Amino acid sequence: MDNQIRETWFEMPVTMQISNIGSEVSRAISWKNKGNAKRKLGFCDKAVEFLELSIEDPKNKHRVEEFRFCIEELLDYFKGDNVYGTTDEMLHKYYDAFI
């Protein structure tokens, strides 16, 4: 990840970081429901990338496990077998809480 992007990300409050992640998740859900796997996966990957940046951000050290689970859940939902039984509604509810 580009250092400028990392610096800009680290300057954001965690609520804004999670809102941005949620936007990517919403886009992934939208493309999943439209049947476009390529776009769905691209937005999922972007959400994961943002979560990884949030894990690197020192101010989020108390949220690292939460963010790691978010990554695991997104990969399971969009790329795996959905063993957690995640739904579109569950994802919207979690990420929309930070808007």
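Everything quoted here is computed from the prediction, not taken from an experiment.

Engineer: Talk me through helix α3 (residues 37-56); I want residue IDs and the actual numbers.
Structural biologist: Owing to its 3.6 residues per turn, the α-helix brings residues three or four apart onto one side. Along its 20 residues, α3 runs 29 Å from first to last C-alpha, staying within 8% of the 28 Å computed at 1.5 Å per residue. Looking at α3, one finds that the buried residues are Lys 40, Phe 43, Cys 44, Ala 47, Val 48, Phe 50, Leu 51, Leu 53 and Ser 54. Against the buried residues of α3 lie α1 (3-11), α2 (14-33), α4 (64-79) and α5 (88-96). Put simply, Asn 36 is the residue that caps the front of α3, since its side-chain oxygen is 3.3 Å from the backbone nitrogen of Lys 38.

Engineer: Give me the state of the cysteines: which residues, what numbers.
Structural biologist: Inspection of every chain in the model, using the stated rule, returns zero disulfides. Lacking any disulfide linkage, Cys 44 is separated from the closest cysteine sulfur, that of Cys 70, by 12 Å. The buried category is assigned to Cys 44, whose relative accessible area is 1%. Residue classification places Cys 70 among the buried positions, given a relative accessible area of 4%.

Engineer: Describe in detail the side chain of Thr 86, supporting the description with residues and values.
Structural biologist: With respect to the helices and strands, the residue Thr 86 is situated in the loop between α4 and α5. Take Thr 86: its relative accessible area is 3%, and that puts it in the buried class. One polar contact links Thr 86 to Glu 73, side chain to side chain, over a distance of 3.0 Å. Aside from chain neighbours lying at most four places away, what touches Thr 86 is Glu 73, Tyr 77 and Leu 91.

Reading the values: the criteria
- Residues numbered from 1 in each chain as written.
- Predicted model: local features only at pLDDT ≥ 70, side-chain atom pairs only at ≥ 80, totals over all residues.
- Heavy atoms only, no water.
- Helix = DSSP H or I, 4+ residues; strand = E, 2+ residues; numbered from the N terminus.
- Expected span 1.5 Å × (residues − 1).
- Buried < 20%, exposed > 50% of the residue type's maximum accessible area, 1.4 Å probe, protein only.
- Contact = heavy atoms within 4.5 Å.
- Polar contact = N/O pair within 3.5 Å; in protein donor to acceptor, adjacent residues only side chain to side chain.
- Disulfide = S-S within 2.5 Å.

Nothing here speaks to function; it is all geometry.
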